[in-house]
Amino acid sequence: MRRTRILTVLLALAAGLLAGSPPTALAADTPEAAVTADTYTWRNARVDGGGFVPGIVFSRTEKDLAYARTDIGGAYRWQESSRTWTPLLDHVGWDDWGHTGVASIASDSVDPDRVYAAVGTYTNDWDPGNGAVLRSADRGATWARTDLPFKLGGNMPGRGMGERLAVDPHDNDVLYLGAPSGHGLWRSTDAGVTWSEVTAFPNPGNYAQDPSDTSGYASDNQGVTWVTFDESTGGAGRATETVYVGVADKENAVYRSTDAGATWERVAGQPTGYLAHKGVLDAKNGHLYLAYSDTGGPYDGGKGRLYRYATATGTWTDVSPVAEADTYFGFSGLTVDRQNPGTVMATAYSSWWPDTQIFRSTDSGATWTQAWEYTSYPTRENRYTMDVSSVPWLTWGASPAPPEQTPKLGWMTEALEIDPFDPDRMMYGTGATVYGTENLTNWDDEGGTFAIEPMVRGLEETAVNDLAAPPSGAPLLSALGDIGGFRHTSLTEVPPMMYTSPNFTSTTSLDFAEKNPDTVVRAGNLDSGPHIAFSTDNGANWFGGSDPAGVSGGGTVAAGADGGRFVWSPEGTGVHHTTGFGTSWQASSGIPAGAVVESDRVDPQTFYGFKSGTFYVSTDGGATFTASPATGLPSGDSVRFKALPGAEGDVWLAGGAADGPYGLWHSTDGGTTFTKLSGVEAADTIGFGKAAPDASYQTLFTSAKIGGVRGIFRSTDAGASWTRVNDDAHQWGWTGAAITGDPRVYGRVYVATNGRGIVYGDTAGDGGTDPGPDPGPTGACAVTYTVTNQWPGGFQADVRLTNTGTSAWNGWSLDWPFTDGQRVTQMWNADHTRSATTVTASNVGWNARVAPGPVRPMGRTRSGYHRPGLPGPLL
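Residues numbered from 1 in each chain as written. Predicted model: local features only at pLDDT ≥ 70, side-chain atom pairs only at ≥ 80, totals over all residues. Heavy atoms only, no water.

Enquirer: Account for the pattern of salt bridges, with residues named and values stated.
Expert: Across all of its chains, the model carries 32 salt bridges by this definition. For the salt bridge of Arg159 with Asp71, the shortest nitrogen-to-oxygen distance reads 3.2 Å. Residue Arg159 is located in the loop between strand S10 (144–147) and strand S11 (165–167), and its partner Asp71 is located in the loop between strand S4 (66–69) and strand S5 (75–79); the two are separated by 88 residues in the primary sequence. In this structure, Arg159 and Asp71 share a single accessibility class: buried. (Salt bridge = Lys/Arg side-chain N within 4 Å of Asp/Glu carboxyl O. Helix = DSSP H or I, 4+ residues; strand = E, 2+ residues; numbered from the N terminus. Buried < 20%, exposed > 50% of the residue type's maximum accessible area, 1.4 Å probe, protein only.)

Following this line, the structure appears as structure tokens:
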């Protein structure tokens, strides 16, 4: 367990960077808030990817024009000049948050300026709104919308099948849309403005992942899944005559119309027992290729086949690259090379172990080669090289045993496309990124390899659960779904690695000690292992704690103001507290299980909680909580609250629902009483940032509805007036998980989105400068403090001292606090004394002189402990 302490961070804390002074109480009759607007510049804190990309579509008309769809994070357009992706659906607002899930996307193959998106996230009641078809005549810069009478499922099972939406390549006023949930096939004849059901289409599908699922998620009929036109039929301005449609029905998966959709029939002789994930037509050779799996994906699939259908003769040929008995995966990703007819590629999308597989044939499926194969198990030989240096976290920090490798070729690889204008370029989507190559045809050379790298910059698809901006150290810490979270030392660069040791599948909550920001805690979900982790170096390195009995998920966690104690409200059991780093937890009393917990940012003994309309307070480090007498708070559990740094007992609470109390409340007496801000109609998050130059109170930020408008708002006068800082083009759907200002940059705000990553905004005059990590004080030394061993009742640490100046030292001393009763029992290479809680180490005779240069050991300590290694040295 490596726990390093950085000197400059601690000195920065000691210098007191917190802006503002203790607040004054709000009057009970707070006037209606005034609302203004400000112009902000918005960017993403770079992660590059982070979620599932189920669809990639290249234009068949214009070179270098491509689109990608995500399951919850909107759609993107490829920008060839910068080799980045441009987000297209940031305008989607709070009330239509479901429209950030993209069920399908279609590029017009007649007019390249036209693009369409079928949007909607869930088909069950998780998404309160119906789906829609968005249409754009300027490549997604602006959109018009047609609402549908049913829901779409961009984040439902089967979302990697498709594309469900398709434009007629001859008459581009004609579009088809395959609907889920038994709603059949729909058509538009006026370029997507109006839609009607194709009543002649005979089969709305019948396959559900799990018909017994009472939530309606896995039990939904996956419906009509793809539409493919045979462009060899029809002509310019005349609707394509032959159309193929895929249906989620294992016995009747493919249908055809030969009269432009007037009548339909099941394609004779087709294989049964599988779902057709994709149907891709090579019109020149008259081959319809189909990728089959025994399930709808995107996670599952145990068997699969590839078939070729001869459109002229009706002959079906099994062209699978491996025998059915040898498949433990389904096929889904499927593409043909438009420049070289007969070249076809497919993916084993559900081959999670040891890796996904990609297959390639240059003779219409007669023979195949594969991206990797075994030479002698478990040794494998790759036909590719992989460079993830631009997104280094894609290695996951793993060191797997063969035949697994890191980084992996991928998983959930349902999107696979060869550029129709460039046989050397291919892109494919995974559960975490977009990979690509620009020398694909090297695959076909004897002994040749092609190069794969991430092609994902600009595509930000993380779901953000929590955010923290410490007053020193890294500017931003994040808690993310699927990939855990990151310590951003620079907002404009991809972090080298997500949190590891342990690596949570999703981090649900994180916090830092306000008076000691090097101490950080996070809680999250993990199949096996601890659900809580700690850092003593501002999130750079981590070590796992232990779980109380019954823990099943991360829940929420709070760090005491000095980092000496923690309160945790995990899933599966009640609220607990500890005075160490999670080695022993005790149940808290007086507070119900499932409560949201936070800490006072001044008093290290005070913690707060909220559950079902009641606010709770602990003044003994989380051991016991007392219900506050405050009334009128939200009755539900959609509440987020925070205590103001630098002001004891100053608490802001946001939350509620439309059918009850909803808004923003403020307490200046530690939650005993709350005042509701009458000018805030609804609020879901609250955060604090650096005070304005002429203000005495820290800046407030909230995702809220104020003055009848939903948006991101800022207040520099403790909520008396508000400024909207986003605009209608920058809304990002749902932004209700977390928000925080930056304590070092006035006006900067970090916003959590559900699929568009971490968005941050700066006032237009700021210029968006990335401050990077806290520079710390000037000086001529650096110190690290590393715990190298620990045991019940004690631990051992190395302290390393570097002279970073230009001249030698002649004598030195180093201080650090041991505030929880730790004591030094032995020290090598230094003398030590203790005064109260401060340990002072000083040179011995032989090491008094320290020349400038590399790190050298200062001393080794052997200690008894309650909190091993906390905090670290201070000069």
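Enquirer: Describe the packing of aromatic side chains, listing the residues and the values that go with them.
Expert: Scanning the model with the defined rule gives 43 aromatic pairs in all. Relative to Phe331, the ring of Phe329 lies with its centre 5.4 Å away and its plane at 90 degrees, an arrangement referred to as edge-to-face. Here the aromatic rings of Phe566 and Phe581 are separated by 5.9 Å at their centres, their planes lie at 40 degrees, and the arrangement is tilted. In this pair, Phe566 sits in strand S42 (residues 566–571) while Phe581 sits in the loop between strand S43 (576–578) and strand S44 (586–587), placing the two residues 15 residues apart along the sequence. Judged by relative accessible area, Phe581 falls into the buried class, the value being 2%. In textbook terms, an aromatic cluster arises when at least three aromatic residues are bridged by ring pairs, as seen for Tyr244, Tyr274, Tyr292, Tyr307, Tyr309 and Trp316. (Phe/Tyr/Trp six-rings, centres within 6.5 Å; stacked < 30°, edge-to-face > 60°.)

Enquirer: I'd like to hear about the nonpolar core, residue by residue, with values.
Expert: Formed by 56 residues in total, the largest nonpolar core has its most connected members in Trp393, Leu409 and Tyr428. Counting residues per element, this core draws most heavily on strand S31 (residues 426–429), which supplies 3 residues. The contacts of Tyr428, once residues within four sequence positions are left out, are Ile56, Ile358, Met386, Leu409, Thr413, Ala415, Leu416, Thr433, Val434, Tyr435 and Ile452. (Core = buried A, V, L, I, M, F, W, Y, C linked by side-chain atoms within 4.5 Å. Contact = heavy atoms within 4.5 Å.)

Enquirer: I'd like a rundown of the environment of Ser535, residues and numbers included.
Expert: In this structure, Ser535 sits in strand S39 (residues 532–535). Taking the C-alpha atoms as reference, Ser535 lies 6.4 Å from Val521; in sequence the two are 14 residues apart. A polar side-chain atom of Ser535 sits 2.8 Å from a polar atom in the side chain of Asp537. (Polar contact = N/O pair within 3.5 Å; in protein donor to acceptor, adjacent residues only side chain to side chain.)

Enquirer: Describe the pairing of strand S41 (residues 553–559), with residues and values.
Expert: For S41, the buried fraction is high: 7 of the 7 residues fall into the buried class. Counted along the chain from S41 to the antiparallel partner S42, the turn is 6 residues long, and its residue Gly563 has a positive phi close to 80 degrees. (Pairing = 2+ DSSP bridges.)

Enquirer: Would you mind going over the side chain of Arg714 in detail, with residue names and values included?
Expert: With respect to the helices and strands, the residue Arg714 is situated in strand S56 (residues 709–715). Given a relative accessible area of 10%, Arg714 falls into the buried group. A polar atom in the side chain of Arg714 sits 3.0 Å from the side chain of Asp38. Apart from the residues within four sequence positions on either side, Arg714 is in contact with Asp38, Tyr40, Thr699, Leu700, Phe701, Ser721, Trp722, Thr723, Val725, Tyr746 and Thr763.

Enquirer: So what's going on with the sheet that holds strand S25 (residues 357–361)? Residues and values would help.
Expert: The strands making up a sheet associate through hydrogen bonds between their backbones, and the pairing can be parallel or antiparallel. Read across the sheet, 4 strands follow the order S23-S24-S25-S26 without closing on themselves; strand pairing throughout is antiparallel. One side of each edge strand has no neighbouring strand; the edge strands of this open sheet are strand S23 (334–336) and strand S26 (369–370). Relative to strand S24 (residues 344–348), S23 runs antiparallel, the two being bridged by 3 bridges. Residue pairing for S24: Val336 is matched across the bridge by Val344.

Enquirer: Tell me about the pairing of strand S59 (residues 749–752), and name the residues and values.
Expert: Consecutive side chains along a regular strand alternate between the two faces of the sheet. What you see with S59 is no split at all: Val749 and Val751 on one side and Tyr750 and Ala752 on the other are buried throughout. Inspection of the sheet shows strand S58 (residues 739–741) paired to S59 by 3 bridges, in the antiparallel sense. Note that in S59 the partner of Gly741 across the bridge is Val749. Bridging between S59 and strand S60 (residues 758–763) involves 4 bridges; their strand directions are antiparallel. Across the sheet, the residue bridging to Val749 is Gly761, located in S60.

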